[in-house]
Amino acid sequence: MMPEKLKQSYREFHDAMISNGVVDAKTTFMIQMGVAMALGCYPCMEILGGMAKERGVSEEELGTVEAIVMAVSAGRVYNQFREVCKR
């Protein structure tokens, strides 16, 4: 189990990144969701998915984030395969 002091440090870091004062809250939330999707973090996607409506994020916006993640992922696979083929 993580020591309480380290948990508190993480919570403070997390909260500072979420309430960053630079990127608006809705965009920050959609970035979080996109990263969770890209990393395949099921707990994150579950938690964030449950919060989407209250954060003002529509199903269409979530679908768009999903599509962007898919496009970036496809580009990564495409370029990795091209790199392997050149060897």
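Criteria and thresholds
- Residues numbered from 1 in each chain as written.
- Predicted model: local features only at pLDDT ≥ 70, side-chain atom pairs only at ≥ 80, totals over all residues.
- Heavy atoms only, no water.
- Salt bridge = Lys/Arg side-chain N within 4 Å of Asp/Glu carboxyl O.
- Helix = DSSP H or I, 4+ residues; strand = E, 2+ residues; numbered from the N terminus.
- Buried < 20%, exposed > 50% of the residue type's maximum accessible area, 1.4 Å probe, protein only.
- Axes fitted to C-alpha atoms, helices over the stretch in contact; angles between N-to-C directions.
- Parallel < 35°, antiparallel > 145°, perpendicular 65-115°, else oblique.
- Left-handed = near helix turned anticlockwise from the far one by under 90°.
- Contact = heavy atoms within 4.5 Å.
- Nonpolar A, V, L, I, M, F, W, Y, C, P; charged D, E, K, R; others polar.
- Core = buried A, V, L, I, M, F, W, Y, C linked by side-chain atoms within 4.5 Å.

A few points about the pattern of salt bridges
Piece 1. Within the structure shown, the criterion is met by three salt bridges.
Piece 2. In this structure, Lys-26 and Glu-61 form a salt bridge, with 2.8 Å as the shortest nitrogen-oxygen distance. Taken as a pair, Lys-26 in helix 2 (residues 25–39) and Glu-61 in helix 4 (residues 59–86) lie far apart in primary sequence, 35 residues in all.
Piece 3. The exposure class assigned to Lys-26 is partly exposed, which follows from its relative accessible area of 30%.
Piece 4. For Glu-61, a relative accessible area of 24% puts it in the partly exposed group.
Piece 5. For the salt bridge of Glu-83 with Arg-87, the shortest nitrogen-to-oxygen distance reads 2.8 Å.
Piece 6. On the basis of relative accessibility, which here comes to 75%, the residue Arg-87 falls in the exposed class.

Regarding the packing of helix 2 against helix 3 (residues 42–51)
Piece 1. The geometry of helix 2 relative to helix 3 is characterised by a closest axis approach of 9 Å and an angle of 150° between their N-to-C directions. Judged on the interaxial angle alone, helix 3 and helix 2 are roughly antiparallel. Relative to helix 3, helix 2 is oriented so that their crossing is left-handed. The segment helix 2 lies against helix 3, with Phe-29, Gln-32, Met-33, Ala-36 and Met-37 engaging Cys-44, Met-45, Leu-48, Gly-49 and Met-51.
Piece 2. Each residue belonging to the contact of helix 2 with helix 3 can be placed in one class, and the counts come to eight nonpolar, two polar and no charged.

Some remarks on the packing of helix 2 against helix 4
Piece 1. Viewed as axis vectors pointing N to C, helix 2 and helix 4 meet at an angle of 45°, and their least axial separation amounts to 9 Å. As far as their axial angle goes, helix 4 and helix 2 are oblique. Viewed along their axes, helix 2 and helix 4 form a crossing whose handedness is right-handed. Every residue of helix 4 that contacts helix 2 at Lys-26, Met-30, Met-33, Gly-34, Met-37 and Ala-38 is listed here: Glu-61, Leu-62, Val-65, Glu-66 and Val-69.
Piece 2. Taken together, the residues that form the contact of helix 2 with helix 4 break down as seven nonpolar, one polar and three charged.

Structural notes on the nonpolar core
Piece 1. One finds Phe-29, Met-33, Ala-36, Leu-48, Ala-52, Val-57 and Leu-62 forming the largest nonpolar core, which totals seven residues.
Piece 2. In terms of residue count, the dominant contributor to this core is helix 2 (three residues).
Piece 3. If sequence neighbours within four positions are ignored, Leu-62 has contacts with Met-33, Met-37, Ala-52 and Val-57.

Observations concerning the environment of Phe-81
Piece 1. Mapped onto the elements, Phe-81 comes out in helix 4.
Piece 2. Residue classification places Phe-81 among the exposed positions, given a relative accessible area of 55%.
Piece 3. Along the backbone, Phe-81 and Asn-20 are 61 residues apart, and their C-alpha atoms lie at a distance of 37 Å.

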